[in-house]
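# A look at the structure
Spelled out, the chains give:
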Amino acid sequence: MGKQSRRKGNAKKKNVSSPRTTATAQPSKSSLVNRIRHGDLRVRHGALTAASATLFSPLSLSSRSPVNMEVIQAVSERVMDEDVPCAMCALGCLGNYVLFQERHSHGHKVETLLTPILLTKMKQACDSVEAIAKKMTLEQTENTKALEKLSLVMMEQWSVQSLCLHALCGIVEGTATNNESSSILFHQRDEFLMVVMRSLFLATEMITGLANFDSEMKRHIATKEHQTNVIADVAVYAARTIHSSSDENPAFLSSLMSSDGWKTVVSCISNASLPMLARLHCCGITMISRQVSRTEEVDTFVFEQALPVLSECIMYSNEVTSELHKKVMETYQALKQEKDDEKVEKDIIRKVDKRKESARLIARRQKQMKQQSKENQEIEHVENTDKDKKVDDKKEEAVIEDSDENKMEREEQYEKALTAWKNSCLPLKLSIEIMTNAFALAQEEANGPMDDYDDMAWDSDQEDRLQAEIPGSSPFSNISKDDEIFFHQVVTKGTPDRVISVFGSIIMALVKIGKNNDSIHFEILDDLTDVLIKSSICLGNMFNNLQNCWKSSENDTLTIWNDLSQCLKASKDENMNKNIMLQVISAALSVMVALLRFRPALVKWVNEKDLEMLLSLVLTEYPEAGKTQEDLAVAVSDIQKDSITILGILCSEPHPESINERVCDTFLTLLLRTHSITASVMSEVLNVLMDMYSADEGDLNNHESVFSRKDVLGAFHKSVPILKRKVREEESKGASREEVLVWKEIILNGTRFIKYKKGH
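Residues numbered from 1 in each chain as written. Predicted model: local features only at pLDDT ≥ 70, side-chain atom pairs only at ≥ 80, totals over all residues. Heavy atoms only, no water.

## Remarks on the state of the cysteines
Note the following rule: Cysteine sulfurs are considered disulfide-paired once they come within 2.5 Å of each other. When a residue's accessible area, from a 1.4 Å probe over protein chains only, is under 20% of the maximum for its type it is buried; when over 50% it is exposed; and in between it is partly exposed.
Applying the stated rule across the entire model yields zero disulfides. Take Cys89: it sits in no disulfide, and the sulfur closest to it among the cysteines is that of Cys93, at 4.9 Å. Judged by its relative accessible area of 15%, Cys89 falls in the buried class. Among the cysteines around Cys268, which has no disulfide bond, Cys282 carries the closest sulfur, lying 4.2 Å off. Judged by relative accessible area, Cys268 falls into the buried class, the value being 0%.

## Examining the packing of helix H28 (residues 630-651) against helix H30 (residues 679-692)
Which entries qualify depends on this criterion: Axes here refer to lines fitted to C-alpha atoms; in helices the fit is confined to the stretch in contact. Angles between the N-to-C directions go from 0 to 180 degrees. A run of H or I in DSSP counts as a helix once it spans at least four residues, and a run of E counts as a strand once it spans at least two, with each numbered from the N terminus. Our angle categories are set so that under 35 degrees counts as roughly parallel, over 145 as roughly antiparallel, 65 to 115 as roughly perpendicular, and the remainder as oblique. Contacts between residues were defined by any pair of non-hydrogen atoms, one from each residue, lying within 4.5 Å. Residues are grouped as follows: Ala, Val, Leu, Ile, Met, Phe, Trp, Tyr, Cys and Pro are nonpolar; Asp, Glu, Lys and Arg are charged; every other residue, Gly included, is polar.
Close contact between H28 and H30 brings their axes to 9 Å; oriented N to C, the two are set at 10 degrees. The orientation of H28 relative to H30 falls into the category roughly parallel. Contact residues: Ser637, Gln640, Lys641, Ile644, Thr645, Gly648 and Cys651 in H28; Ser680, Val681, Glu684, Val685, Val688 and Met692 in H30. The class makeup of the residues in the contact of H28 with H30 is six nonpolar, five polar and two charged.

## Notes on the confidence of the model for the chain
Heads up, the condition is: Each residue carries a pLDDT value, the predictor's own confidence for that position, ranging from 0 to 100.
Mean pLDDT over the chain: 82, with 78% of residues reaching 70 or higher. Segment residues 1-24: pLDDT under 50, and 24 contacts once partners within four positions in sequence are set aside and those in other chains are kept. For the stretch residues 374-387, pLDDT sits under 50, and the model shows 13 contacts to residues farther than four places along the chain or on other chains.

## Section: the environment of Gly95
Assignment of secondary structure puts Gly95 in helix H7 (residues 84-100). A C-alpha to C-alpha distance of 6.1 Å links Gly95 and His166, two positions 71 residues apart in sequence.

## What to know about the side chain of Asp527
Within the fold, Asp527 resides in helix H24 (residues 522-545). Note on Asp527: relative accessible area 4%, which makes it buried. Setting aside residues up to four positions removed in sequence, Asp527 forms contacts with Trp421, Lys422, Cys425 and Lys429.

## Thoughts on the packing of aromatic side chains
The line we're drawing: Any two of the Phe, Tyr and Trp rings considered here, Trp counted by its six-membered ring, make a pair once their centres fall within 6.5 Å; the pair's planes then place it as stacked at under 30 degrees, edge-to-face at over 60, or tilted in between. Any Lys NZ or Arg CZ found within 6 Å of a ring centre and within 35 degrees of that ring's normal is scored as a charge over the ring.
Taken as a whole and judged by the stated rule, the model has 13 aromatic pairs. On the numbers, 4.8 Å between centres and 15 degrees between planes, the contact of Phe439 with Phe487 is stacked. Here Phe487 lies in helix H22 (residues 481-492) and Phe439 lies in helix H20 (residues 386-439), a separation of 48 residues in the sequence. On the accessibility criterion, Phe487 (3% relative accessible area) is buried. Relative to Phe707, the ring of Tyr693 lies with its centre 5.3 Å away and its plane at 55 degrees, an arrangement referred to as tilted. Of the two residues, Tyr693 is situated in the loop between H30 and helix H31 (704-709) and Phe707 in helix H31; the sequence distance between them amounts to 14 residues. Residue Phe707 is classed as buried on the basis of its relative accessible area of 5%. Through a chain of ring-to-ring contacts, the aromatic side chains of Phe303, Phe439, Phe486 and Phe487 assemble into a single cluster. Here the guanidinium or amino end of Lys757 rests over the ring plane of Phe707, the centre of that ring lying 4.6 Å away.

Okay, structure coming up:
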């Protein structure tokens, strides 16, 4: 192409096919931007390929390496490049940026810039797929090469759709909102809905056709696994993008339900040819749709189609997990060994520079010697000749080629094993998440933003304003008749029993792994932990909403409590390996909080050992190796907060002064950790202490003597200002409005509590 550009006449005019921006754009101070906008296709593609491996790599973006808007603008221009590989490379860069650049400062600008470009590119890709599919269907030809070429061009367009959907989904889940500031869900909502639903429809038609009909297209596409996987990915991400867009967005849901796309969503649920994740996302859309339209038709879709599919996926088998994990570990170890061998070879190459024998052959021979015998052989130095050198070079090339092939084969085997695990685990994750959201009762959000406040001036006027902004004391509204019918259907289909079975199986497996100090692949461990946490939240919602129709007997709740208590005690047992994950402890405590809160008859069965365990968990500290790990910090905070909540529930019942004193001592000790304690934990401690010492004189639960003796009032004087500062810090870091309102309400109550106790 470089030679053609120097020719005169018609040959030179061929270069006009490139976007005009490459020729007219002003030169930039950035060499990368100039190369991305270069008129030569090879230069553009090379620059984008290099950027995808460096600046836009997941590792670089996850470490929050900055990417300025000029570079993003230049890359976005290449999305519309007529060269498909170049456009795909640009889409990959932008997709990585959206997915991995957490809380990037250009969030709204990126959304506004990319939305029209991505939608236009997707529309073009859909047009191309339809045109090529029609051509392949209508042409009755024996020209296999022509059909093969058409199928390759079609798969390029499916890949373009896949990359666009990854980026769009990332925008929706990461930066898009349903208010007037959003490009994707407000200004261009109708176009967005039309294009994404069209992509879902085309993928559904293609997958169904390839699975059920014999055709030339099937013989050229369905036999190639990587091609069918791309089309399946389009179906999954199109459904996921619509699902994410529907969440807490009634206007979007209304538009969807009044469009032809609604029929596609409903039909996908029962289409067994589609990937399970795509079907589950469509189940989630229909579940959310009940918020907008609770008609008999919608309920029929939910009860007869969505719920059975969701329940089917909420299943966990230790045997299946063990087999999949075994395969992942075997392939992972084989790949690791291959990489280690490669490192050994490179180390020897650096050391050997004057020997006749090839360094690669030395490395390979030494590895074979280790496996076959332990005898050492001395390498003799002989005079080099040109003939010997040619022979050695050929041997070295063969060894290198063999090593590379082995590595690629190991990588492929490992990827297949990991994919098999993901295909088993991801539907379970998603189905539990959908059920969790279905059981979460809607709450009205407070109107208007909170005013900024001065840490040093928390006066009565601010208290009045805060009081007006605090929502009502009842955390949940009454369950409607429609919700009662829905919950009854869920219980009838056995879904809650499936969730608690999954939770119990995973928590026992992880406790066993911790006690035995077994090794487990990090990807599988992360996935199991994620499922466990999602299950604990789902169970909390179920215990709340199914108080009278599921696990309501004393025996059922006591059995669950005792099983979870044993797991927690194992984590503190000095005779065992104290290697049980903090996330496991956190998940168990989360369910125990829900049990005590919504099955109050259980309180009388809590014993002395349970109390000791809870008091020790309140003072949980960060592991030395995990102080900088965010997930461990969150787990420790949750453990402390849930333990405090349980102790608060227990102390709300009449109890001896000795117990009260022990609980008080533990809470005051925790409040002294002013640097490590989080705003959520500190607010929970103060809240429980106010409940513990608010009983009137003569009340069986009055422990004023402990309050005075331990100087709890002095602790409040010190802690309330610290909590104000911590809340302001968390607010500046982006804490949710709901959390901030709760914390400020506790600060307000704490201020009043101090005044009340002073006047007593």
